[in-house]
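The lines below spell out each chain.
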Amino acid sequence: ATSLHGHSEQLPQLEAIIAKLEQHESMLKICHKILSNIVKDPNNTKFHSLNDTKLAEKCNPDSNEYAYLSQFLKLIGFHREMVQTNPDADPLECITECRWIFKSNAISMTMLNAYSQRMHSHLHSIHTHQMMHQQQL
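Q: Just to check I follow, could you spell out the environment of Lys-74 for this structure?
A: Position of Lys-74 relative to the elements: it lies in helix α4 (residues 65–76). Along the chain, Lys-74 and Asp-41 lie 33 residues apart, while their C-alpha atoms are 19 Å from each other.

Written out as C-alpha cells, the structure reads:
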C-alpha cells in the first residue's frame, strides 16, 4: 500500500513540474526527449545514464531551469550519482563524473507514456502557434 501512496503523491508533483517546464520550451524539449526514449525502449540502458554537466549546460543559469530539470528526473525515476568512468585503465586517468541513472520508475510506464504524449502535444501546439504567427507577419 505504501508504494501506491508514494505513487499518488508523485503524480501531482510531476503534473506541477511539467506545467513549469511548459513555460520553458527548450527544457520541455530536453525532458520530453529523455522521457520518450525511456518509454519507447525501457530496457535500452543507453537511455538510463545521463551526463549531469551536459544537462546543466543546456539550462539557463539565470532561471530555475536546472532545478525543474532535476526535479523532473527524480520524479520519473532517475537518481543522481557520482560514477567513475574508465575504471579498468590507468587509475590516474579515472574520472569521476556526476550522472543521472535511471533506477526505478515509481510511476508506471503507462503513466509515463501519457505524460510523454502530453509533452509531445504541447510542443506540437507551440510549434503550430509559431508557424501561424510567422505566416501572419
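Q: Looking at this model, I keep getting lost on a positive patch on the surface. Mind explaining?
A: Residues Lys-33, Lys-40, Lys-46, Lys-54 and Lys-58 make up a contiguous surface patch of positive charge. By the secondary structure assignment, Lys-33 is in helix α2 (residues 25–40). According to the relative accessible area criterion, Lys-33 is exposed, its value standing at 56%.

Q: I'm lost on the nonpolar core in this one. Help?
A: A general tendency of soluble globular proteins is for nonpolar side chains to be buried together. Leu-14, Phe-72, Leu-73 and Phe-78 are the most contacted members of the largest nonpolar core, which totals 30 residues. If you list the elements that add at least two residues to this core, you get α1 (2–21), α2, α4, β3 (95–102) and α5 (109–136). A total of eight residues in this core trace back to one element, the largest contributor, which is α2. Setting aside its immediate chain neighbours within four residues, Phe-72 contacts Leu-14, Ile-17, Ile-18, Leu-21, Cys-31, Leu-35 and Met-119.

Q: Before we go on, may I ask you to explain the pattern of salt bridges in this structure?
A: If the charged atoms of two oppositely charged side chains come close together, the side chains can form a pair. Following the criterion strictly, the structure yields five salt bridges and no others. The salt bridge involving Arg-118 is made with Glu-15; its shortest N-O contact spans 2.8 Å. With Arg-118 in helix α5 and Glu-15 in helix α1, this residue pair connects regions lying 103 residues apart in the sequence. Owing to a relative accessible area of 26%, Arg-118 belongs among the partly exposed residues under this scheme. Of the residues examined, Glu-15 reaches a relative accessible area of 35% and is grouped as partly exposed. Glu-97 is the salt-bridge partner of Arg-99, the closest N and O atoms lying 2.5 Å from each other. Considered together, Arg-99 and Glu-97 belong to a single accessibility category, that of buried residues.

Cut-offs and rules
- Residues numbered from 1 in each chain as written.
- Predicted model: local features only at pLDDT ≥ 70, side-chain atom pairs only at ≥ 80, totals over all residues.
- Heavy atoms only, no water.
- Helix = DSSP H or I, 4+ residues; strand = E, 2+ residues; numbered from the N terminus.
- Patch = residues over 30% accessible without salt bridge, like charges linked within 9 Å, V, L, I, M, F, W, Y side chains within 5 Å.
- Areas by Shrake-Rupley, 256 points an atom, 1.4 Å probe, with all protein chains shown as cover.
- Salt bridge = Lys/Arg side-chain N within 4 Å of Asp/Glu carboxyl O.
- Lys, Arg positive; Asp, Glu negative; His and termini not counted.
- Charge placed at Lys NZ, Arg CZ, Asp CG, Glu CD.
- Buried < 20%, exposed > 50% of the residue type's maximum accessible area, 1.4 Å probe, protein only.
- Core = buried A, V, L, I, M, F, W, Y, C linked by side-chain atoms within 4.5 Å.
- Contact = heavy atoms within 4.5 Å.

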